[in-house]
Amino acid sequence: MKTTPGWDANLAAEIIGRHKDTEGPLLPILHSLQHAFGYIPEPAEPMVAEALNISRAEVHGVVTFYHDYRHAPAGRHVLKLCQAEACQACGSDALAARAEEKLGVKLGETSADGRVTLEPVYCLGLCSVSPSAMIDGRIVGRLDANKLDALLAETSR
Amino acid sequence: MSAIRIYVPGDAAAVACGADDIAKTIRDLAAQRRIDVQIVRNGSRGMHWLEPMLEVTTPEGRIAYGPVEAGDVESVFDAMLGNGQALGGEHKLRVGKPEDHPFMKKQTRLTFARCGIVDPRSLEDYCAHGGYRGLNKALAKPANIVNEVTQSGLRGRGGAGFPTGIKWKTVADTKADQKYIVCNADEGDSGTFADRMIMEGDPFVLIEGMTIAGIAVGATKGYIYIRSEYPHAIDVMNDAISAARRGGVLGAKVCGSDYVFDLEVRVGAGAYVCGEETALLDSLEGKRGQVRAKPPLPAHKGLFGKPTVINNVLSLATVPIIMDKGAEFYKNFGMGRSRGTMPIQLAGNLNYGGLFETAFGITLGELVDDIGGGCFTGRPVKAVQVGGPLGAYFPRALFDTPFDYEAFAAKDGLIGHGGIVVFDDSVDMAKQARFAMEFCAIESCGKCTPCRIGSTRGVETVDRIMKGIERTKNLEVLTDLCNTMKFGSLCALGGFTPYPVMSALTHFPEDFGGAPRLEAAE
């Protein structure tokens, strides 16, 4: 049985109600749910299905299709390292390996203590100041080993 | 005396290099020294190696300094403002007038005419720099819009290069109670950032372009689908849409006319395939972003089954200048069937990366060597990927290829959305081919088999080749697989992934042969 930390059915209902009458409401609803809970709690799925008159399978299909939607809360910090070609051309592979080694997690994993989630991202559009990263929503360009180490230190706070 | 204007770009490339902190420091310095300073968060001029590039307005014009790091801010501030006067004085980081810089002088800026110059959140500033002249001309002769866009020769800047005017005409000719304009701002290709720059630096030009499209085809509602990786662009677009509504250029009476047009930003959720137009429409409808089979065309049955114009940001943002200056003016730039200008994005291992808008026809070699200045690592350029993750890798031997849709297609490549990613000689092309397949496997929508299964088999096959296992046989398998993906896939994701793979194999065979490679290379 999956746990659902922070789950609040009333809040979920309020969020669903806020968007349900817009055109194509599913993605805006899921974005808002994730914003509120940090992930898409499973009990929200049947509620969304009911409100939009679609099947629960359709909702689950959408939740699992998009990379952005989380099925469990992320770590306290989220460090995304761009791994696309323009960053590869400037050494992003080595930086990812360094981050993996120092944090003891692989790309796509959260540390056991829940401190940090390390993720790949395929392009932040900062290809002219690559390699790039995003930490807790803040973007960083011209990443090198020193700058990366500073970001890794931030994740231990 | 009015405040001295200092420009600190709010463009994500500048912000990623510290522009927000610099803006704060400048505010503090101005307060300390009691100098009346107005900070404008402009877009970027596109000289990204100079970002964050600060500018001060002086009696002689705007004077730039860059790249400014945290430790330089105070001395740059003092050079800009001697004794409280807008001086633009000497400093080791002084660039001079940005428009006089060789990188800018060599360009023809039509789509990007205002980017980096105006305050992106100010409708007044937009209008003061020629904004809404295109729409006003369109309103004077609305029946002529589609013809003008067709005559201009404008082709879809998202990558497919389909004539924009023909798309619009199809929608205009289709009867329906509701039509839509959808802007594809799901700029997922690595090496591209022109859409992001326009949205962050000149968002009203996109709003104006979409409004003109709405009037041309009879659509009253538009959506801008922006990828979630672009939070800054989302913010600026939303602010600009609000300002446009307040200013009466969007909403119930567009510029006082009887036309209705409104816009909404929708945010993607991290799926590369949603940059494909039909997958994007499904995503907007709240479905999995899966590719639709065509026909029906989106122009007949698009968003919610209604006739829909779906265009890239750059295509729509180019419409206002075409309406303002005329189709003839725009058409006069370019070569062959590639008319007008292309905002080219120089990225990766380059000395001078950034945005370079120029008429079609410039060669790849000029772009990489002369404009981009070669690799910043100081090593020789080995390969250049043009057109994003689905674009071919070009060797130096093909650097004489002119930037033109047909010329690139003739060399088994594509210009795509105009991104150029440069690699030095340390790159392993087999690894890049493997990545192309891996990326396709990660991002495949799963609807068609060649893309969904072919990409995974492709990764495995490249792995075997890299390990030296039955090399000749596996090279044959890879070639055959690429052929199946190219001709059997539903959309460009599976259909174009063979471009980077086969170009790597064709132009750099040495990276696929020889001794067995170590696992550690991955």
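This text goes with the structure placed above it.
In this text, all values refer to a predicted model and were calculated from it rather than measured experimentally.

What follows covers the overall build of chain A. Scanning chain A from terminus to terminus reveals seven helices and five strands. Secondary structure elements of chain A occur, N-terminal to C-terminal, as α-α-α-α-β-α-α-β-β-β-β-α. In terms of overall dimensions, chain A has a C-alpha envelope of 50 × 35 × 20 Å along the principal axes. Looking at chain A as a whole, 53% of its 157 residues are labelled buried. Counting 15 positive and 20 negative side-chain charges, chain A places the averaged centre of each group 7 Å from the other.

Each helix and strand in chain B was counted, giving 21 helices and 18 strands. The C-alpha extent of chain B, read off along each of the three principal axes, is 80 × 60 × 40 Å. Taking all 522 residues of chain B together, the buried fraction comes to 63%. The contacts of chain B with a sequence gap of at least 6 include a subset with a gap of at least 24, amounting to 71%. Per element, the accessible surface of chain B, about 18700 Å² overall, is 52% carbon and sulfur. When the 57 basic and 62 acidic side-chain charges of chain B are each reduced to a single mean position, those positions are 5 Å apart.

Right, let's get into helix H3 (residues 73-80) of chain B. All names here are of chain B. Buried residues of H3: Val 73, Val 76, Phe 77, Ala 79 and Met 80, and no others. End-on, the buried residues of H3 take up no more than an arc of 165 degrees, which puts them together on one face. Where the residues of H3 are buried, they touch strand E1 (4-7), helix H2 (19-32), strand E3 (54-58), strand E4 (61-65), strand E5 (81-82) and strand E6 (85-86).

Take the environment of Phe 512 of chain B next. With respect to the helices and strands, the residue Phe 512 of chain B is situated in the segment after helix H21 (498-507). In the structure, Phe 512 of chain B is positioned 505 residues away from Tyr 7 of chain B in sequence and 49 Å away in space, judged by C-alpha atoms.

What follows is about helix H4 (residues 56-65) of chain A. In an α-helix, one turn spans 3.6 residues; hence positions three or four apart end up facing the same way. Among all positions in H4 of chain A, only Val 59, Gly 61, Val 62, Val 63 and Phe 65 of chain A are buried. Among the structural elements, helix H2 (26-37) and helix H3 (44-52) of chain A are those in contact with the buried residues of H4 of chain A.

Turning to the interface of chain A and chain B, a few remarks are in order. Taken together, the 38 residues of chain A in the interface contact 63 residues of chain B. Regarding the contact of chain A and chain B, the summed buried area is about 3600 Å², with carbon and sulfur atoms giving 57% of it. Summed over the shared surface of chain A and chain B, the result is one salt bridge. Breaking the side of chain A that touches chain B down by element, the ones donating at least two residues are H2, H4, helix H5 (85-88) and strand E5 (138-140) of chain A. Tallied by class, residues from the side of chain A that touches chain B come to 21 nonpolar, twelve polar and five charged.

With that out of the way, let us pick up the pairing of strand E14 (residues 341-348) of chain B. Residue and element names in this part refer to chain B. E14 sits mainly inside the fold: eight of its eight residues count as buried. Bridge analysis of E14 against strand E15 (residues 354-359) gives six bridges, and the strand direction is antiparallel. Across the sheet, the residue bridging to Pro 343 is Glu 357, located in E15. Here E14 folds back onto E15, and the loop between the two strands holds five residues. Across four bridges, the pairing between E14 and strand E18 (residues 419-424) is parallel. By the bridge assignment for E18, Gln 345 is matched with Gly 419.

Formed by 176 residues in total, the largest nonpolar core has its most connected members in Leu 33 and Tyr 66 of chain A together with Ile 26, Trp 168, Ile 207 and Ile 224 of chain B. When residues are assigned to domains, this core turns out to be shared by domain 1 (9-65) and domain 2 (77-154) of chain A, each giving three or more. Here Tyr 66 of chain A is in contact with Leu 27 of chain A together with Tyr 225, Ala 269, Ala 271, Cys 274, Ser 283, Lys 287, Arg 288 and Gly 289 of chain B, once residues within four sequence places are set aside. Grouped together as the second largest cluster of nonpolar side chains are 34 residues, Met 53, Met 342, Val 368 and Val 422 of chain B included.

We now examine the pattern of salt bridges. Residues and elements named next belong to chain B. Under the defined criterion, the tally for this structure stands at 45 salt bridges over all chains. With a shortest N-O distance of 2.7 Å, Lys 169 and Asp 173 are connected by a salt bridge. With Lys 169 and Asp 173 both in helix H8 (residues 164-173), this residue pair falls four residues apart, about one helical turn. With a relative accessible area of 45%, Lys 169 lands in the partly exposed category. Close ionic contact of Arg 266 with Glu 264 constitutes a salt bridge, the shortest N to O distance being 2.8 Å. When its relative accessible area of 7% is taken as the criterion, Arg 266 is described as buried.

Glancing now at the side chain of Arg 157 of chain B. All names here are of chain B. Along the chain, Arg 157 falls in the loop between helix H7 (145-152) and H8. Although buried, Arg 157 forms no salt bridge, and the nearest oppositely charged side chain, Glu 357, lies 7.5 Å from it. There is a polar contact of 3.1 Å between the side chain of Arg 157 and the side chain of Tyr 405. Residues in contact with Arg 157, not counting those within four places in the same chain, are Asn 312, Leu 314, Ser 315, Tyr 330, Arg 339, Thr 341, Met 342, Phe 360, Tyr 405, Gly 416 and His 417.

What follows is about the sheet that holds E14 of chain B. Residue and element names in this part refer to chain B. Ordered by their spatial adjacency, five strands build an open sheet running E15-E14-E18-E16-E17, and the pairing between neighbours is mixed. Strands at the two margins of the open sheet, each flanked by one partner only, are E15 and strand E17 (393-395). Strand-to-strand twist in this sheet, taken as the mean axis angle between neighbours without regard to direction, amounts to 30 degrees.

Residue and element names in this part refer to chain B. Inspection of every chain in the model, using the stated rule, returns 20 aromatic pairs over all chains. Ring centres of Tyr 126 and Phe 204 lie 5.6 Å apart, and the angle between their planes is 35 degrees; this geometry places the pair in the tilted category. A residue pair is termed long-range when its members are at least 10 positions apart, and Tyr 126 in helix H5 (residues 123-128) and Phe 204 in helix H10 (residues 203-217) qualify at 78 residues. Between Tyr 272 and Phe 439, the ring centres sit 4.8 Å apart and the planes meet at 70 degrees, which makes this aromatic pair edge-to-face. Pair noted here: Tyr 272 is in the loop between strand E10 (262-267) and helix H12 (277-284) and Phe 439 is in helix H17 (residues 429-443), with a separation of 167 residues, a long-range link.

Here is what the cut-offs are and how they apply
Residues numbered from 1 in each chain as written. Chains lettered and ligands numbered in written order. Predicted model: local features only at pLDDT ≥ 70, side-chain atom pairs only at ≥ 80, totals over all residues. Heavy atoms only, no water. Helix = DSSP H or I, 4+ residues; strand = E, 2+ residues; numbered from the N terminus. Buried < 20%, exposed > 50% of the residue type's maximum accessible area, 1.4 Å probe, protein only. Lys, Arg positive; Asp, Glu negative; His and termini not counted. Charge placed at Lys NZ, Arg CZ, Asp CG, Glu CD. Contact = heavy atoms within 4.5 Å. Areas by Shrake-Rupley, 256 points an atom, 1.4 Å probe, with all protein chains shown as cover. Arc of directions from axis to C-beta. Buried area = accessible area lost by both parts, 1.4 Å probe. Salt bridge = Lys/Arg side-chain N within 4 Å of Asp/Glu carboxyl O. Nonpolar A, V, L, I, M, F, W, Y, C, P; charged D, E, K, R; others polar. Pairing = 2+ DSSP bridges. Core = buried A, V, L, I, M, F, W, Y, C linked by side-chain atoms within 4.5 Å. Domains from an automatic or database assignment. Polar contact = N/O pair within 3.5 Å; in protein donor to acceptor, adjacent residues only side chain to side chain. Axes fitted to C-alpha atoms, helices over the stretch in contact; angles between N-to-C directions. Phe/Tyr/Trp six-rings, centres within 6.5 Å; stacked < 30°, edge-to-face > 60°.

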